[in-house]
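# Structure at a glance
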Amino acid sequence: MSNSSSITHFLLLPFADTRELQLWHFWLFLGISLAALLGNGLIITSTACDQRLHTPMYFFLLNLSLLDLGCISTTVPKSMVNSLWDTRDISYTACAAQIFFFSFLFSSEYSLLTIMSYDRYVAICKPLHYGSLLGSRACVHMAAAAWGTGFLYALLHTANTFSLPLCGGNAVEQFFCEIPHILKLSCSHSYLREVGLLVLSCLLALGCFVFIVGSYVQIFRAVLSVPSEQGRHKAFSMCLPHLAVVSLFVSTGTFVYLKPSSFSSPSLDLVVSVLYSVVPPVVNPLIYSLRNQELKDAVRKLVTGCVSAAIHCLLSSAKGSQCRS
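Description of the structure in this document. (Residues numbered from 1 in each chain as written. Predicted model: local features only at pLDDT ≥ 70, side-chain atom pairs only at ≥ 80, totals over all residues. Heavy atoms only, no water.)

## Side note on the packing of helix H2 (residues 56-84) against helix H3 (residues 92-125)
Where H2 meets H3, the closest approach of the two axes is 9 Å, and the angle between their N-to-C directions is 160°. Compared by their axis directions, H2 and H3 come out roughly antiparallel. In the crossing of H2 with H3, the sense of the turn from one axis to the other is left-handed. Residue classes in the contact of H2 with H3 are distributed as 15 nonpolar, six polar and five charged. (Axes fitted to C-alpha atoms, helices over the stretch in contact; angles between N-to-C directions. Helix = DSSP H or I, 4+ residues; strand = E, 2+ residues; numbered from the N terminus. Parallel < 35°, antiparallel > 145°, perpendicular 65-115°, else oblique. Left-handed = near helix turned anticlockwise from the far one by under 90°. Nonpolar A, V, L, I, M, F, W, Y, C, P; charged D, E, K, R; others polar.)

See the structure below:
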């Protein structure tokens, strides 16, 4: 019987058994990763470079894009490598690191989404107090609290999970290392301690969700009382993208962690895990930019400037070559 001291690596769940499907999985995840890098990279660069976007809403959006890039970079590259080289292995240390960083980034993102709902509530319901309640220092403190909370959450859960003796083999029924699937390998009743921590985390997450719902109830009441149709449209364009992101984040995460065991299968778990760990970093930039004219203008300005600079460099190089000849 194996235990945690004798386990040197884990076996992740593969997406496909045939070589052709493995290569298709590699190229699909490569395209998804590049799309996430491009979308979130454009938001980060545009927000940092455009003075018009130096507001609390876009500051939090920049942090969200950083967290999205971290999330997809934690899970996807290892899965791609395994498919490319036809292997399932991940080292014990790499698995622990994957659990830590995914828990850190995932919980930080949820905390940040809660803060963003407060930002929208103040902007819509208390616009006269917006500058005092969400000044630059307050925004930095809130963002730091989200990142710090995620770090402590991840440190606590990772240390507790890997302190348990593991004797249920080393096969993880997921395409990346995740706490519930590692707990299935435990042979000690001490795993109930981690289950208790997860239950406490779910209760805290429920509290954040209630706060988000309450904020949006107040927001929609305020928006519907606005007499101007243009004013209502502007308010909805600011709030609906965030609400869509929260809905996708919460619904998929809740389904994964709270679904009954009788409703579970490896293929279903694999599909749902992709929905909550891979899809949001790709679609979040699209959701936030589709109805946001300011952000679209900033991205367009950035892309146009980069293209113009590249053309200028090419023309300068061509003229330099002609002069030398």
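## As for the environment of His9
Within the secondary structure, His9 is located in strand E1 (residues 9-11). Residues His9 and Asn170, 161 residues apart in the sequence, show an inter-C-alpha distance of 7.1 Å. The contacts of His9, once residues within four sequence positions are left out, are Asp89, Ile90, Ser91, Tyr92 and Asn170. At a separation of 3.3 Å, a polar atom in the side chain of His9 contacts the side chain of Thr8. (Contact = heavy atoms within 4.5 Å. Polar contact = N/O pair within 3.5 Å; in protein donor to acceptor, adjacent residues only side chain to side chain.)

## Looking at H3
End to end, H3 covers 49 Å across 34 residues, agreeing with the expected 50 Å (1.5 Å per residue, within 8%). Taking burial as the measure, the 34 residues of H3 include 25 buried ones, the bulk of the element. (Expected span 1.5 Å × (residues − 1). Buried < 20%, exposed > 50% of the residue type's maximum accessible area, 1.4 Å probe, protein only.)

## Observations concerning the state of the cysteines
Taken as a whole and assessed by the stated rule, the structure comprises one disulfide. Paired through a disulfide, Cys95 and Cys177 show a sulfur-sulfur distance of 2.0 Å. With the S-S dihedral at roughly -120°, the linkage between Cys95 and Cys177 falls on the left-handed side. Remark: Cys177 occurs in the loop between helix H5 (136-161) and helix H6 (179-183) and Cys95 occurs in helix H3; sequence separation between them is 82 residues. (Disulfide = S-S within 2.5 Å.)

## A closer look at the nonpolar core
Counting residues in hydrophobic clusters, the biggest one holds 53 residues, and the most contacted among them are Phe60 and Leu113. Elements with a contribution of two residues or more to this core: helix H1 (19-49), H2, H3, H5, helix H7 (191-224), helix H8 (229-258), helix H9 (266-277) and helix H11 (293-324). Counting residues per element, this core draws most heavily on H3, at twelve residues. In this structure, Leu113 is in contact with Leu64, Ile212, His242, Val245, Val246, Phe249 and Tyr288, ignoring residues within four places of it in sequence. Ranked by size, the runner-up nonpolar core spans 17 residues in total, among them Leu12, Ile90, Phe162 and Ile179. (Core = buried A, V, L, I, M, F, W, Y, C linked by side-chain atoms within 4.5 Å.)

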